[in-house]
Amino acid sequence: MSQDFLPVAMPDIGKLEEEYVLEAVRSTWVSSIGEFLGRFEREFADFCQAEHGVAVTNGTDALILALRAAGVKRGDEVVMPALTFAAVPAAALLLGAEPVFVDVDPDYWCLDPRAVQRALSSKTAAIVAVHSYGHPADMDAIAAIASPGKIPVVEDCAEAHGALCRGRKVGSIGVAGCFSFYGNKIITTGEGGMVVTGDSAFAARVRMLKDHAMDPQRRYFHLEAGYNSRMTNLQAALGCAQMRRIEGFLAARDQILEWYREELADVEGLRFNPRMPWARPVNWITCAVLEPRLAAHRDRLLDQLRSRGIDTRPFFLPCSIMPPYLHCRTQGVEDTRLPCTERLSASGFNLPTHAACDRPQVQRVAGEIRRALSGIH
Ligand SMILES: *Cc1c(COP(=O)(O)O)cnc(C)c1O
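A short tour of the structure in this document, coming up.

Conventions used here
- Residues numbered from 1 in each chain as written.
- Predicted model: local features only at pLDDT ≥ 70, side-chain atom pairs only at ≥ 80, totals over all residues.
- Heavy atoms only, no water.
- Helix = DSSP H or I, 4+ residues; strand = E, 2+ residues; numbered from the N terminus.
- Rg over C-alpha atoms; globule rule 2.2 N^0.38 Å.
- Buried < 20%, exposed > 50% of the residue type's maximum accessible area, 1.4 Å probe, protein only.
- Contact = heavy atoms within 4.5 Å.
- Areas by Shrake-Rupley, 256 points an atom, 1.4 Å probe, with all protein chains shown as cover.
- Lys, Arg positive; Asp, Glu negative; His and termini not counted.
- Charge placed at Lys NZ, Arg CZ, Asp CG, Glu CD.
- Salt bridge = Lys/Arg side-chain N within 4 Å of Asp/Glu carboxyl O.
- Core = buried A, V, L, I, M, F, W, Y, C linked by side-chain atoms within 4.5 Å.
- Near = heavy atom within 4 Å.
- Polar contact = N/O pair within 3.5 Å; in protein donor to acceptor, adjacent residues only side chain to side chain.
- Nonpolar A, V, L, I, M, F, W, Y, C, P; charged D, E, K, R; others polar.
- Axes fitted to C-alpha atoms, helices over the stretch in contact; angles between N-to-C directions.
- Parallel < 35°, antiparallel > 145°, perpendicular 65-115°, else oblique.
- Left-handed = near helix turned anticlockwise from the far one by under 90°.
- Phe/Tyr/Trp six-rings, centres within 6.5 Å; stacked < 30°, edge-to-face > 60°.
- Pairing = 2+ DSSP bridges.
- Right-handed = clockwise from strand over helix to strand, strands pointing away.

1. So, the overall build of the protein
No. 1: Counting its secondary structure elements, the protein contains 13 helices and 15 strands.
No. 2: A globule of 377 residues ought to have a C-alpha radius of gyration of about 21 Å, and the protein, at 21 Å, matches this closely.
No. 3: If you line up the protein on its principal axes, its C-alpha atoms span 70 × 55 × 35 Å.
No. 4: For the protein, buried positions account for 58% of its 377 residues.
No. 5: Nonlocal contacts in the protein, meaning residues at least 24 apart in sequence, comprise 71% of its contacts between residues at least 6 apart.
No. 6: Summed over all atoms, the accessible surface of the protein reaches about 15900 Å², with 52% contributed by carbon and sulfur.
No. 7: Taken together, the 41 basic and 45 acidic charged side chains of the protein have centroids lying 2 Å from each other.

Okay, here's the thing in structure tokens:
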């Protein structure tokens, strides 16, 4: 077997990116001031149908800054899904707050609103609605629960650039939307992130906090302890090039998912990315979930694919089982267990989804999955 290794994710960097980055380098504006920065913020905020965009160093910093701007502080609780990337609880914990982990909906894998309702307490300072694996959380149901107590809802859109929830772009619905432009996200700036918001005071606060909390009216006077979370103009140049291609990226990722669905349609016990009637998800990364009968064999399946040169990744582990969060409160719909999170975490995996995934490569992956499963059935 000498076929090339097929990675699970890969950035799509072309001539335009080269051109823009070279232009930024030649301008000598290589640090965190420069023309590409304002342009990237404007273009990305427009894409999100949001008024303001504040570019930052990465998606994790976007979350920390947005939660802090939303008022989260020591001793507060922040409600979030248990099935997500560990940056989400880390952002809360690093602000001195306590994550409260909620189960996800079995049909679309994001916060279960009924569990959110049960998780609220007098200490709840924010809810992080993560649009997981490209599918939007049910923002209307979450808003209905959050509004009476005026609890801010921060959207984590790191996996869902361009997704729609009842016709609205993710990131434009809650108090703020946090994006990541890491190399495996829908667009990349190498490392990078953005906070988008419709609230100009919120945007100004994030902008202040990301720049050492320096008083915008008084240079080198610092109003509180801030961060250096500034994106560079070089990164923004990459971002501007990627913005010119984003619609093409999204369409290509949808096409890849369709190919996987078609090529594996005859395989029993496998389902792909969800799509609720009220949602327009994006295919950040192709997801496959094994039915319970096969779930115990998932890791063996992934090992076999790897041995055939196909990279995959298992779904996220529940954050609630990791050392910093073992003490955290959890909330399901019926009780404090997280059955949907646990089931998905143990039975889901991601398939290669990037520009090199043409139909023959998808056929190759499908063939290897079929072969591996036939050994398991
Ligand atoms: C990738 C990701 C982040 C973190 O983004 P970084 O840019 O890697 O810091 C946060 N939340 C979710 C849901 C992510 O997938």
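2. Some points on the pattern of salt bridges
No. 1: A complete count under the given rule lists 24 salt bridges for this structure.
No. 2: Here Asp-12 makes a salt bridge to Arg-245, at a shortest N to O gap of 2.8 Å. Of the two residues, Asp-12 is situated in the segment before helix H1 (15–27) and Arg-245 in the loop between helix H8 (233–243) and helix H9 (246–263); the sequence distance between them amounts to 233 residues.
No. 3: Relative accessible area serves as the criterion here: at 25%, Asp-12 is assigned to the partly exposed category.
No. 4: A relative accessible area of 24% means that Arg-245 is categorised as partly exposed.
No. 5: Connected through salt bridges with shared partners, the residues Asp-12, Glu-17 and Arg-245 form a single ionic network.

3. Quick word on the nonpolar core
No. 1: In this structure, Phe-40, Phe-44, Tyr-133, Phe-181 and Ile-187 are the most contacted members of the largest nonpolar core, which totals 44 residues.
No. 2: Counting only elements with at least two residues in this core, the list comes to H1, helix H2 (35–47), strand S9 (193–197), H8, H9, strand S12 (286–290) and helix H12 (339–347).
No. 3: In this view, Tyr-133 contacts Trp-109, Glu-159, Asn-273, Val-282, Trp-284, Ile-285, Cys-287, Phe-315, Phe-316 and Asn-350; residues no more than four positions away in its chain are not counted.
No. 4: Val-54, Val-88, Leu-209 and Tyr-325 belong to the second-largest nonpolar core, a separate cluster that totals 39 residues.

4. Description of the site of the ligand
No. 1: Residues in contact with the ligand amount to 14 residues; listed here are only the nearest, Thr-60, Asp-156, Glu-159, Ser-180 and Lys-185.
No. 2: In this structure, an oxygen atom belonging to the ligand sits 2.6 Å away from a side-chain N or O atom of Glu-159.
No. 3: Protein coverage of the free-state accessible area of the ligand, which is 380 Å², stands at 92%.
No. 4: Taken together, the residues of the shell around the ligand break down into five nonpolar, six polar and three charged.

5. Examining the packing of helix H3 (residues 59–69) against helix H4 (residues 87–94)
No. 1: For the pair H3 and H4, interaxial distance at closest approach is 9 Å and the crossing angle is 40 degrees. In this view, H3 runs oblique relative to H4, as classed from their interaxial angle. Crossing angle aside, the handedness with which H3 passes H4 is right-handed. Seen from H3, the contacting residues are Thr-60, Leu-63, Ile-64 and Leu-67; seen from H4, they are Ala-87, Val-88, Ala-91, Ala-92 and Leu-94.

6. Examining the packing of aromatic side chains
No. 1: Under the definition given, this model contains 14 aromatic pairs.
No. 2: Ring centres 5.9 Å apart and planes at 35 degrees place the aromatic pair Phe-44 and Phe-47 in the tilted group. Here the residue Phe-44 and the residue Phe-47 both occupy positions in helix H2, the gap between them amounting to three residues, near one helical turn. As far as burial versus exposure is concerned, Phe-44 and Phe-47 are alike and both buried.

7. Some thoughts on the pairing of strand S2 (residues 77–81)
No. 1: Of all five residues in S2, five are buried; the element is thus mostly enclosed.
No. 2: Residues Glu-77, Val-79 and Pro-81 of S2 are buried on one face, and the alternating residues Val-78 and Met-80, pointing to the opposite face, are buried as well.
No. 3: Bridging between S2 and strand S3 (residues 98–102) involves five bridges; their strand directions are parallel. Looking at S3, one finds that Val-78 is bridged to Pro-99.
No. 4: Chirality of the crossover, the property in question, places the unit of S2, H4 and S3 among those that are right-handed.
No. 5: As paired strands, S2 and strand S4 (residues 124–130) are joined by three bridges and run parallel to one another. In the strand pairing of S4, Val-79 is matched with Ile-127.

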